[in-house]
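# Architecture and fold: a report
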Amino acid sequence: MNKPSSNIPKEASEVFHRLQHELLILYTKWNSFKTLYCTSDENIELLDESAMGFFIMHGDIMRDNIMMAICVLTDPASSNVKGGERDNLTLRHLASLVASHDSALAGELNRMLESAKTSWEPFRSHRNRRIGHFDLRTALRETDELLPDVGVTDVDSALSLVADVLNAVETFYDEHATTYHDGVYQEGNADELMEFLKRNVYLEKYCNNKEFGDPLD
């Protein structure tokens, strides 16, 4: 993604634009997931007829990848690794970089991040107990502490809150906000895959029927 002209301080600009890129890619993945698995029963039936085992596995992988990405973007500003601190590419790290230039904006960002924690916490539970780590009691179902349900509206809300933080920075410095929810257009996307599968079904029906619609022997 090309970096547009911006008034964001140099120390924060590179991190900001990289976070923008990551969020656009995440929205692209999420939109693909919704197209394939959340749009209609017709789509699910078509996937099941085409390659059920593959699409069940693919759906699980995409779901966990999206959950993990939300956690990564909303992690702490740094992590302790082998006794040393390593900076993370996160919203909180961006807020820490802004703080040395505009304390009022940094304060607003931190308030937004604290307010959004409850929306991001269910994803963190899945990351900590099922995806990033395989909690034994959870895996063996030996605990009454069930993993939280995460639905479409939960992901939509979580991503929207990430976008709000980035747009707060962009609006402050550049008086501009970015629309993230459409993601990045890519050829061969999920919509095109569904159209291909539908055409294949229609072609099979056509090939298996006579000109006037009678089934072939």
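For the structure given in this document, a descriptive report is provided here. (Residues numbered from 1 in each chain as written. Predicted model: local features only at pLDDT ≥ 70, side-chain atom pairs only at ≥ 80, totals over all residues. Heavy atoms only, no water.)

Grouped together as the largest cluster of nonpolar side chains are 47 residues, with contacts concentrated most on Ile70 and Leu94. Elements represented by at least two residues in this core include exactly helix 1 (10-37), helix 2 (41-73), helix 3 (91-99), helix 4 (103-131), helix 6 (152-174) and helix 7 (190-207). If one sorts the elements of this core by residue count, helix 1 sits on top with twelve residues. The contacts of Ile70, once residues within four sequence positions are left out, are Leu26, Trp120, Phe123, Val155, Ala158 and Leu159. (Core = buried A, V, L, I, M, F, W, Y, C linked by side-chain atoms within 4.5 Å. Buried < 20%, exposed > 50% of the residue type's maximum accessible area, 1.4 Å probe, protein only. Helix = DSSP H or I, 4+ residues; strand = E, 2+ residues; numbered from the N terminus. Contact = heavy atoms within 4.5 Å.)

Turning to the packing of helix 2 against helix 6, a few remarks are in order. The contact between helix 2 and helix 6 brings their axes to 11 Å, and the two run at 30°. By the angle class used here, helix 2 and helix 6 are roughly parallel. In the packing of helix 2 onto helix 6, the handedness of the crossing is left-handed. Touching Ile66, Ile70 and Leu73 of helix 2 are Val155, Ala158, Leu159 and Val162, all from helix 6. Class assignment of the residues belonging to the contact of helix 2 with helix 6 gives a composition of seven nonpolar, no polar and no charged. (Axes fitted to C-alpha atoms, helices over the stretch in contact; angles between N-to-C directions. Parallel < 35°, antiparallel > 145°, perpendicular 65-115°, else oblique. Left-handed = near helix turned anticlockwise from the far one by under 90°. Nonpolar A, V, L, I, M, F, W, Y, C, P; charged D, E, K, R; others polar.)

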